[in-house]
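# Structural features, examined
Each chain, written out:
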Amino acid sequence: MLEAVTDADLSDHGFPSGTYGEFNLCESVPVCVLRDRLFGEPAFALHVPASQMPAVWSQIQVAGRPSGIGCFGWAAVERLQVETGNLCLAAECEQRTTLHDLGLGALWCRDKTDARTVGAAALRQTENQPDRLKRVGFKMPNHDARPPRAGSVIVDEKIRGYVCTAFYSTTLNDSIGTALVDAPLAVPNGRLRIFEDGCQGALREATVVPLPFSVEQPGYSQRRGLTRVSG
């Protein structure tokens, strides 16, 4: 699609994943391009002068029509991130969160990490702390169409964590979400009791499930969780 609006070689060989380049779109618009992967799919991030964005946007839409390409909103991106188990930076990270809490400790490159690296001290300190919050996926029982509110606390005799993000997934036919909870609660099929403002003591229950979320519909894994949600 992009090759229809530029003379640049955007093939896998000419512009492989992780490549950065500068060229023109629509003959005269300078653009900075990073080829990356979005939820496992090939993607291009375009950085365009703001004054030229309407023209570029229009031309890309025209170029995509023969392939049936359309637009989608950021809400769809956020939901796809949750469904596929990707990290939602704004919702699931805070100043105290580390890779270990998010189940991403394997990404810590110890060989290249020293005391001068940002975050190295925190990673060393939190690697074996037993009282850290852990990221988990959860779903509501019986296909409950009302997800819990983001920020709602998870409790038993005390506060044990909080809901990071939650929504009703049309692809999964479930209300799903992620939470940061005390490590003892981060077990498959574990129960989370959720307190919401105005619940008058009637706690809601959710079940801990593995990430990424999965469904029984044939072909879901091949679609990588693409969901029909507009932003």
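Residues numbered from 1 in each chain as written. Predicted model: local features only at pLDDT ≥ 70, side-chain atom pairs only at ≥ 80, totals over all residues. Heavy atoms only, no water.

## Description of unusual backbone geometry
Between L211 and P212 the backbone carries a cis peptide bond, its omega angle lying at 0°. Considering the arrangement of structural elements, one finds P212 in the loop between β9 (204–209) and α5 (220–223). Backbone geometry at H143 places phi at a positive 55°, although glycine is not the residue there. Looking at the secondary structure, you find H143 in the loop between β4 (133–139) and β5 (153–155). Positive phi, normally seen in glycine, also occurs at Q200, with a value near 55°. (Helix = DSSP H or I, 4+ residues; strand = E, 2+ residues; numbered from the N terminus.)

## Focus on the pairing of strand β7 (residues 174–182)
Counting buried residues in β7 gives 9 out of 9 residues, a clear majority hidden from the surface. Taken together, the 7 bridges between β4 and β7 define a ladder with antiparallel strand orientation. In the sheet register, R135 faces β7, and the bridge partner there is L180. Where strand β6 (residues 159–169) meets β7, 8 bridges bridge the pair, whose relative direction is antiparallel. (Buried < 20%, exposed > 50% of the residue type's maximum accessible area, 1.4 Å probe, protein only. Pairing = 2+ DSSP bridges.)

## Things to note about the pairing of β9
Taken across its 6 residues, β9 has 5 buried, putting it largely inside the fold. By the bridge criterion, 3 bridges tie β4 to β9 in an arrangement that is antiparallel. Paired with G137 across the strands is V209, a residue of β9. Taken together, the 4 bridges between strand β8 (residues 191–195) and β9 define a ladder with antiparallel strand orientation. Bridging from a neighbouring strand, R191 pairs with T207 of β9.

## What about the layout of surface pockets?
One number sums up the size of the second largest pocket: a volume of about 300 Å³. Considering the residues around the second largest pocket, the lining is formed by 17 residues, among which W74, E78, Q81, L87 and C88 are closest to the centre. Taken together, the elements giving at least two residues each to the lining of the second largest pocket come down to α2 (74–83), α3 (89–92) and β6. No other element matches α2, which puts 7 residues into the lining of the second largest pocket. (1 Å grid on protein atoms, 1.4 Å probe; cavity = no way out; pocket = protein on both sides within 12 Å on 5 of 7 lines; lining within 4 Å. Points joined across faces, edges and corners; volume = space filled by probe spheres on them.)

## Topic: the environment of D9
Within the secondary structure, D9 is located in the segment before β1 (20–25). Leave out the neighbours within four places in its chain, and D9 touches E3, G14 and F15. (Contact = heavy atoms within 4.5 Å.)

## Section: the nonpolar core
Soluble globular proteins: nonpolar side chains tend toward being buried together. In terms of nonpolar packing, the biggest core is built from 14 residues, with L10, F23, L25, V31 and V56 touching the most fellow members. Secondary structure elements with two or more residues in this core: β1, β2 (29–38) and α1 (53–64). Other than its neighbours up to four places away in sequence, L10 contacts L2, E3, F15, F23, R35 and F44. Ranked by size, the runner-up nonpolar core spans 13 residues in total, among them F138, A166, L192 and V208. (Core = buried A, V, L, I, M, F, W, Y, C linked by side-chain atoms within 4.5 Å.)

## A short note on α1
The end-to-end C-alpha separation of α1 is 16 Å, in line with the 16 Å expected for 12 residues at 1.5 Å each. Looking at α1, one finds that the buried residues are V56, I60, A63 and G64. Seen from one end, α1 has its buried residues packed into an arc of 95°, which puts them on one side. (Expected span 1.5 Å × (residues − 1). Arc of directions from axis to C-beta.)

## Focus: the sheet that holds β1
Hydrogen bonding along the main chain pairs the strands of a sheet, whether they run parallel or antiparallel. Spatially, 3 strands are ordered β1-β2-β3 in an open sheet, and the strand pairing comes out antiparallel. A single partner strand is all that each edge strand has here, and the edge strands are β1 and β3 (41–47). Shown here is a sheet whose adjacent strand axes are inclined to one another by a mean of 40°, direction ignored. Sheet topology note: the β2/β3 ladder contains 7 bridges and is antiparallel. Each bridged residue has a counterpart across the sheet, and for R35 the counterpart in β3 is F44. (Axes fitted to C-alpha atoms, helices over the stretch in contact; angles between N-to-C directions.)

Purely geometric numbers; function is a separate question.
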